[in-house]
Amino acid sequence: MNKVNPSQQEIAMTSRQERLTTAAYQQDRMASAEEGIGACGWVLVILSYILCALTFPFSLCFIIKVVQEYERAVIMRLGRILPGGAKGPGLFFVLPCVDSIINIDLRTVTFNVPPQEILTRDSVTVSVDAVVYFRVFNPVMSVTNVTDASTSAQLLAATTLRNILGTKTLHEILTERETIAHLMQTHLDEGTEPWGVKVERVEIKDVRLPASMQRSMAAEAEAGREARAKLIAAEGEQKASRSLKEAADIINESPIALQLRYLQTLTTVSAEKNSTIVFPIPIELLQLVKARGSGGSSTF
């Protein structure tokens, strides 16, 4: 069986939810459009067609509109959205005097959430800012359900950031940024869905601590480093002591090893640039002289 990546599943579910929301909203708009614009509205529409015909070809400058690939046009005729929802991309016609057009950008929009002074659950005041990525997935809903979708999303992001971080401790804010960002994205997506806006990504950009808290954390970190350094030094002294003890035991078992160590020391000293070198008399030589002295005295 083919395994589906969790991210792909999430994207598929999101797309399906967007399609269902868009379809339900379009059905409501179609039902509203079927009510008609009334007799007076039809009179104005007919007059608009006559005006375009009388001023042809100059009226082409006003009735022909072009929508880019990344845009959609929401056309309102006498205050009602035309059946079919948003138009575009491409070329289409509008009637002067009775049609008004609103272009909606479908590209992903990025905005910075201003730094928020937040009191954490453990009573620490921190300043946190974030970055939010969102896009419009339903142009009609973004026009009819909210005055300014971008500004509304920014204000909602600032409020959501304060509400979520207020329930977290300072340690959780510093170590669980990805979890907090995902939780914030979920809350924002639920709030902006009726506006036709999809929040794609949220990132916690910076967490700034008070100066006193920074000094305390720096002192704590320094104390921890000093404690680890002392522990490492003590372990080194312990290992060195064991090595010296083993070396002493080896020299005690083999007296010739002391003489070899003596010769090695002389080789190391002679390699240095010294003006005067003092050679200590080996203990074995003194013992030999003493033994001969004792032998000579016994002879006499």
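As a starting point, this report considers the structure included with it. What you are looking at is a predicted structure, and each value in this text was computed from that prediction instead of being measured.

## A few points about the sheet that holds strand β7 (residues 125–136)
Here we have 3 strands laid out as an open sheet, ordered β6-β7-β8, and antiparallel in their pairing. Looking at strand neighbours, the two that pair on one side only are β6 (109–119) and β8 (197–208), the edges of this open sheet. Averaged over all neighbouring strand pairs, the angle between strand axes comes to 25°, with direction disregarded. Bridge count between β7 and β8: 10 bridges; the pairing is antiparallel.

## Some details on the packing of helix α5 (residues 149–165) against helix α7 (residues 177–192)
Relative orientation of the contacting elements α5 and α7 amounts to 135°, with a least axis distance of 10 Å. It follows that α5 is oblique to α7 by the angle criterion. Seen from above, α5 lies across α7 with right-handed handedness. Judged by residue contacts, A153, L156, A157, T160, L161, I164 and L165 of α5 engage I180, L183, M184, H187, L188, G191 and T192 from α7. For the contact of α5 with α7, the per-class residue count stands at 10 nonpolar, 4 polar and no charged.

## Side note on the packing of aromatic side chains
Scanning the entire structure with this criterion turns up 1 aromatic pair. Pairing F111 with F134 gives two aromatic rings, centres 5.5 Å apart and planes at 65°, and the pair type is edge-to-face. With F111 in strand β6 and F134 in strand β7, the pair connects residues that are 23 residues apart, well separated along the chain. Looking at F111, the relative accessible area reads 7%, which means it is buried. The buried category is assigned to F134, whose relative accessible area is 4%. Taking NZ or CZ as reference, R107 lies 3.8 Å from the ring centre of Y70, over its face.

Calculation criteria
- Residues numbered from 1 in each chain as written.
- Predicted model: local features only at pLDDT ≥ 70, side-chain atom pairs only at ≥ 80, totals over all residues.
- Heavy atoms only, no water.
- Pairing = 2+ DSSP bridges.
- Helix = DSSP H or I, 4+ residues; strand = E, 2+ residues; numbered from the N terminus.
- Axes fitted to C-alpha atoms, helices over the stretch in contact; angles between N-to-C directions.
- Parallel < 35°, antiparallel > 145°, perpendicular 65-115°, else oblique.
- Left-handed = near helix turned anticlockwise from the far one by under 90°.
- Contact = heavy atoms within 4.5 Å.
- Nonpolar A, V, L, I, M, F, W, Y, C, P; charged D, E, K, R; others polar.
- Phe/Tyr/Trp six-rings, centres within 6.5 Å; stacked < 30°, edge-to-face > 60°.
- Buried < 20%, exposed > 50% of the residue type's maximum accessible area, 1.4 Å probe, protein only.
- Lys NZ or Arg CZ within 6 Å of the ring centre and 35° of its normal.

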